[in-house]
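The primary structure of each chain is shown beneath.
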Protein chains: 2
Amino acid sequence: VSGEVLMMAFMNEASLRMTVETGYTHFWSRSRGKFWKKGETSGHVQEVREILVDCDADTLLIRVVQHGPGACHTGHRSCFYRDLSGAEKEGKVFSASEVYGKKDS
Amino acid sequence: VSGEVLMMAFMNEASLRMTVETGYTHFWSRSRGKFWKKGETSGHVQEVREILVDCDADTLLIRVVQHGPGACHTGHRSCFYRDLSGAEKEGKVFSASEVYGKKDS
């Protein structure tokens, strides 16, 4: 738990409940209309250490132990690997094509 | 720039441009329909050091030097000062009523 910001994703109430009950992060995909467990395909699951709520209670900060080399489906440790110019600030830490097979997300 | 997560707020394109041009964070309040500069009232402005974009380019991570004792309008350093049970994990670092006068936000 380094404090590094890894990713941002949407949770609904049920996915928060799944996260609390299982101890691993689960989210709700609004575009696909379904739940997803982080790391379900890649094995790069996130073990929850602490869940914090912000002042107006509409954002959660979840401190996790990130399993595997990284959180981002692109192969980077963090999803925040580029600056506004598009320049990569952090290199890849795993091969997305090997981890996900034909899927690219 | 400790890496601590301080707050989460909405930016539109124009507020991002203001942030880049001035070097201080600016946001767009959807509920009030207006721009706001973080620290405009309190003096607790945020000096931008780096702006990172996530993989699907819909979230920004802005690394800042936080001026003044804290970022949260409640008087806490970070807006993420409670856990899911409501228990305070971090105490206040300034008096919101002194800083904001009669306003409570």
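Quick note: structure is the one above.
Everything numeric in this text was worked out from a predicted model, so none of it was measured.

Colleague: What am I meant to see in the pattern of salt bridges here?
Modeller: Where charged atoms from two side chains of opposite charge approach closely, those side chains can pair. Residues and elements named next belong to chain A. Per the stated rule, a full pass over the model turns up ten salt bridges over all chains. A salt bridge links arginine 77 to glutamate 4, with the nearest nitrogen and oxygen atoms 3.3 Å apart. Linking arginine 77 in the loop between β4 (60-66) and β5 (82-83) with glutamate 4 in the segment before α1 (13-22), this pair joins segments that are 73 residues apart in sequence. For arginine 77, a relative accessible area of 29% gives the class partly exposed. The residue arginine 63 makes a salt bridge to glutamate 50 at a minimum N-O spacing of 3.6 Å. Of this pair, arginine 63 sits in strand β4 while glutamate 50 sits in strand β3 (residues 46-53), placing them 13 residues apart in sequence.

Colleague: Sorry, what's going on with the interface of chain B and chain A here?
Modeller: Size of an interface, as often reported, equals the accessible area lost when the parts are brought together. Taken together, the contact between chain B and chain A spans 26 residues of the former and 26 residues of the latter. Across the interface of chain B and chain A, roughly 2,200 Å² is buried in total on both sides, 72% from carbon and sulfur atoms. If you sort the residues of chain B by the area they bury against chain A, Cys55, Phe80 and Leu84 of chain B come out on top, with a joint share of 30%. In this assembly, chain B and chain A are joined by zero salt bridges. Counting across the chain B and chain A interface gives eight residue pairs in polar contact (both at pLDDT 80 or more). Taken together, the elements giving at least two residues each to the side of chain B that touches chain A come down to α1 (13-22), β3 (46-53), β4 (60-66) and β5 (82-83) of chain B. No other element matches β3 of chain B, which puts four residues into the side of chain B that touches chain A. Looking at the side of chain B that touches chain A residue by residue, the classes come out as 16 nonpolar, four polar and six charged.

Colleague: What's the story with a nonpolar patch on the surface in this structure? I'm lost.
Modeller: On the surface, Val20 and Leu60 of chain A together with Leu84 of chain B cluster together into a nonpolar patch covering about 230 Å² of accessible area. For leucine 84 of chain B, the location among the structural elements is in the loop between β5 and α2 (96-100). Exposure remark for leucine 84 of chain B: the relative accessible area of 43% places this residue in the partly exposed category.

Colleague: How should I be thinking about α1 of chain A in this particular structure?
Modeller: One turn of an α-helix holds 3.6 residues; hence residues three or four places apart share an orientation. All names here are of chain A. Restricting attention to buried positions, one finds in α1 the residues Ser15, Leu16 and Thr19. Projected down its long axis, α1 carries its buried residues within an arc of 105 degrees, all on one side. Within α1, the exposed residues directed more than 90 degrees away from the buried face are Glu13 and Glu21. Once α1 ends, the next one or two residues include glycine 23, with phi positive near 80 degrees.

About the criteria used
- Residues numbered from 1 in each chain as written.
- Chains lettered and ligands numbered in written order.
- Predicted model: local features only at pLDDT ≥ 70, side-chain atom pairs only at ≥ 80, totals over all residues.
- Heavy atoms only, no water.
- Salt bridge = Lys/Arg side-chain N within 4 Å of Asp/Glu carboxyl O.
- Helix = DSSP H or I, 4+ residues; strand = E, 2+ residues; numbered from the N terminus.
- Buried < 20%, exposed > 50% of the residue type's maximum accessible area, 1.4 Å probe, protein only.
- Contact = heavy atoms within 4.5 Å.
- Buried area = accessible area lost by both parts, 1.4 Å probe.
- Polar contact = N/O pair within 3.5 Å; in protein donor to acceptor, adjacent residues only side chain to side chain.
- Nonpolar A, V, L, I, M, F, W, Y, C, P; charged D, E, K, R; others polar.
- Patch = residues over 30% accessible without salt bridge, like charges linked within 9 Å, V, L, I, M, F, W, Y side chains within 5 Å.
- Areas by Shrake-Rupley, 256 points an atom, 1.4 Å probe, with all protein chains shown as cover.
- Arc of directions from axis to C-beta.

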